[in-house]
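Here are the chains, one letter per residue:
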Amino acid sequence: MRFSKMQGIGNDYIYVNCFEEQVENPAQLSIRLSDRHFGIGSDGLILIKPSEKADAEMDLYNADGSRAKMCGNGIRCVGKYVYERGIAQKDMLTIDTQSGVKTLYLETEAGKVKSIRVNMGQPGLTPESIPTTLPEVKEQPLTANGQTYTVTCVSMGNPHCVIFVDDVQGLDLEKIGPALENHPAFPERANIEFVRICGEDEAEMRVWERGSGETWACGTGACAVTVACALTGRTGRRVLVHLRGGDLTIFWNEQTNEVEMTGPAEFVFDGEVQI
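About the criteria used
- Residues numbered from 1 in each chain as written.
- Predicted model: local features only at pLDDT ≥ 70, side-chain atom pairs only at ≥ 80, totals over all residues.
- Heavy atoms only, no water.
- Helix = DSSP H or I, 4+ residues; strand = E, 2+ residues; numbered from the N terminus.
- Buried < 20%, exposed > 50% of the residue type's maximum accessible area, 1.4 Å probe, protein only.
- Polar contact = N/O pair within 3.5 Å; in protein donor to acceptor, adjacent residues only side chain to side chain.
- Contact = heavy atoms within 4.5 Å.
- Arc of directions from axis to C-beta.
- Pairing = 2+ DSSP bridges.
- Right-handed = clockwise from strand over helix to strand, strands pointing away.
- 1 Å grid on protein atoms, 1.4 Å probe; cavity = no way out; pocket = protein on both sides within 12 Å on 5 of 7 lines; lining within 4 Å.
- Points joined across faces, edges and corners; volume = space filled by probe spheres on them.
- Nonpolar A, V, L, I, M, F, W, Y, C, P; charged D, E, K, R; others polar.

(A) View of the side chain of Asp-12. Here Asp-12 is to be found in strand β2 (residues 11–17). Since its relative accessible area comes to 9%, Asp-12 is described here as buried. Reaching out from Asp-12, the side chain makes a polar contact with the side chain of Lys-5 at a distance of 3.3 Å. Setting aside chain neighbours within four positions, we find Asp-12 in contact with Lys-5, Met-6, Gln-7, Arg-36, Gly-41, Ser-42, Asp-43 and Gly-44.

(B) Inspection of helix α3 (residues 173–181) at higher detail. Among the residues of α3, Leu-173, Ile-176, Gly-177, Leu-180 and Glu-181 are the ones counted as buried. For α3, the angular spread of buried residues about the axis comes to 120°, placing them on one side. Exposed side of α3, more than 90 degrees from the buried face: Glu-174 and Lys-175 are the residues found there. Looking at the buried positions of α3, the neighbouring elements they touch are β9 (140–144), β10 (147–155), β11 (159–164), β12 (191–199), β13 (202–209) and β14 (213–215).

(C) Highlighting the pairing of β11. β11 sits mainly inside the fold: six of its six residues count as buried. With burial as the criterion, each face of β11 is covered, one bearing Pro-159, Cys-161 and Ile-163 and the other bearing His-160, Val-162 and Phe-164. Inspection of the sheet shows β10 paired to β11 by five bridges, in the antiparallel sense. Opposite Thr-152, over in β11, you have Val-162 as the bridge partner. If you look at the hairpin formed by β10 and β11, you'll find three residues sitting between the two strands, and Gly-157 has a positive phi there, around 90°. Relative to β12, β11 runs parallel, the two being bridged by five bridges. Looking across to β12, one finds that Val-162 is bridged to Glu-193. At this point the chain moves from β11, through α3, to the parallel β12, and the crossover so formed is right-handed.

(D) How the structure looks around the environment of His-160. In this fold, His-160 is placed in strand β11. Exposure remark for His-160: the relative accessible area of 0% places this residue in the buried category. In this structure the C-alpha to C-alpha distance between His-160 and Val-225, which are 65 residues apart in sequence, comes to 8.6 Å. Other than its neighbours up to four places away in sequence, His-160 contacts Thr-152, Cys-153, Val-154, Asn-191, Glu-193, Cys-218, Thr-220, Gly-221 and Ala-224. Among the polar contacts made by the side chain of His-160, one reaches the side chain of Thr-220 at a distance of 3.1 Å.

(E) Geometry of empty space enclosed by the protein. As enumerated under the stated definition, the model contains one cavity of 30 Å³ or more in all. In this structure, the largest cavity occupies an estimated 80 Å³ of space. In terms of lining, the largest cavity is formed by Tyr-13, Leu-60, Asn-62, Ala-68, Met-70, Cys-71, Asn-158, Asn-191, Glu-209, Arg-210, Cys-218 and Thr-220. Counted by class, the lining of the largest cavity contains six nonpolar, four polar and two charged residues.

Right, dumping it as structure tokens:
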């Protein structure tokens, strides 16, 4: 099977062009290939498939084999792949996902994609949309591992739990992350973002992704963080979000209620693997 390794500010996935390849049991394949010691190494597996309602479909599996609805960094890489590998060479692409069709706006130069802006859609701000058993989504107490956190929950097609802290670097995410990800308050688990406001309309974050653990970046997480920052009055609606792998610019449009994410996507290498 031929594949491409790609990354969006350090959030890396294995991409398979299913216009040309067939993949059976992608969940098990994701577990095997994502292993960073015995596989290719990645945060998961993304299949790029034909779609009847968009230029392509993104089918995403986390490193633990669980299927995910959406990935902001992943969809930018899909856009770059679709454009540069000749599937659909258009400056505006539509990509079908498990959370609906997303529109991508490509900045290109000499046939290469330099940056991509993604319309991530409207955030979910009700307990049912997350989903969560918490009575409200804004600044609610949540206790895990004997510590009570103040959390703000946002859905960006997948569930997010945002926690504001004074220091993100000193956190023991390997201990805290699983307890919050699998908290009974989140029946479908949750992505956990720890955030420090580090300037006017700037935020630093670390993320524990459900099914993958700590990753270097999470696009939907950065969108959820921006919504939570604005919702709680900590920033405006345009925020520069600093992640371990790089920066994303996020804008929560007040008129449309839609969230836009702008950032890079890169090929790492192409290869073949026996499956």
